[in-house]
Amino acid sequence: AQSVAQPEDQVNVAEGNPLTVKCTYSVSGNPYLFWYVQYPNRGLQFLLKYITGDNLVKGSYGFEAEFNKSQTSFHLKKPSALVSDSALYFCAVRDVNAGNMLTFGGGTRLMVKP
Amino acid sequence: DGGITQSPKYLFRKEGQNVTLSCEQNLNHDAMYWYRQDPGQGLRLIYYSQIVNDFQKGDIAEGYSVSREKKESFPLTVTSAQKNPTAFYLCASSATGDSYNEQFFGPGTRLTVL
């Protein structure tokens, strides 16, 4: 079975500071990993994904994420946070050998204060 | 929210009624998905379809039904057998059902049982 954990319900950061939203996963095979963002009463927007190759993945809006196989983590990062980054962030995983079902974490609310 | 539309945006249902949520995509995607979102629980997969006239149950299919008669359409019916249907429903699609493809989400339908 595959699972995803987002250990922080909320992350608070000041505008201009770096931000990190944590994600750890569990799969039996190799993972495909995704980050999505959700603004209030909207659908999810794709940010970035890790499939294979370079462990540092760059995505939309200046976000990046680092795949760490030994720590089974895929933390989302941004060097300088904006107030407009405030939203709900979801990490998701697919086990390469376990079909096409995507498992989502519970979400982390990011609050960026001016 | 890309080329995926969901209607209605808000839906109110009386107990004992069946209701149908619409999902249409113009992205020429083969695969489509329905998720349910409850506060603090992330997204849970209800049904998915990788090709026309074929669909599979997800984690929480009981009380729901779907059809996939056309590539661009994947309606979800919430039946009276679903005991706690109040939630935010999200439709998504991906180019194919291959696990490395990201999913694109519609804006969602908020269903409330009166």
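Structural data are supplied above this passage.
Notes on the structure follow. (Residues numbered from 1 in each chain as written. Chains lettered and ligands numbered in written order. Predicted model: local features only at pLDDT ≥ 70, side-chain atom pairs only at ≥ 80, totals over all residues. Heavy atoms only, no water.)

So, the overall build of chain A
So, point 1. In terms of helices and strands, chain A carries zero helices and twelve strands.
So, point 2. Across chain A, helices and strands are ordered from the amino to the carboxyl terminus as β-β-β-β-β-β-β-β-β-β-β-β.
So, point 3. Since a compact globule built from 114 residues should have a radius of gyration of about 13 Å, the 14 Å found for chain A is in line with a globular shape.
So, point 4. In terms of overall dimensions, chain A has a C-alpha envelope of 45 × 30 × 20 Å along the principal axes.
So, point 5. Every one of the 114 residues in chain A was classed for burial, and the buried ones make up 46%. (Helix = DSSP H or I, 4+ residues; strand = E, 2+ residues; numbered from the N terminus. Rg over C-alpha atoms; globule rule 2.2 N^0.38 Å. Buried < 20%, exposed > 50% of the residue type's maximum accessible area, 1.4 Å probe, protein only.)

Some thoughts on the nonpolar core
So, point 1. Counting residues in hydrophobic clusters, the biggest one holds 27 residues, and the most contacted among them are Trp35, Leu47, Leu48, Phe74, Leu76 and Tyr89 of chain A.
So, point 2. Secondary structure elements with two or more residues in this core: β2 (10-14), β3 (19-21), β5 (31-38), β6 (44-50), β8 (64-68), β9 (73-78), β10 (87-95) and β12 (108-113) of chain A.
So, point 3. Looking at this core, the element that brings in the most residues is β10 of chain A, giving four residues.
So, point 4. Sequence-distant contacts of Leu76 of chain A, defined by excluding residues within four places in its chain, comprise Leu19, Thr20, Val21, Trp35, Leu47, Leu48, Phe63, Glu64, Ala65 and Tyr89 of chain A.
So, point 5. Within the second largest apolar cluster, 20 residues are counted, among which are Leu11, Val78, Tyr89 and Cys91 of chain B. (Core = buried A, V, L, I, M, F, W, Y, C linked by side-chain atoms within 4.5 Å. Contact = heavy atoms within 4.5 Å.)

In short, the description is geometric, and any link to function would need to be established separately.
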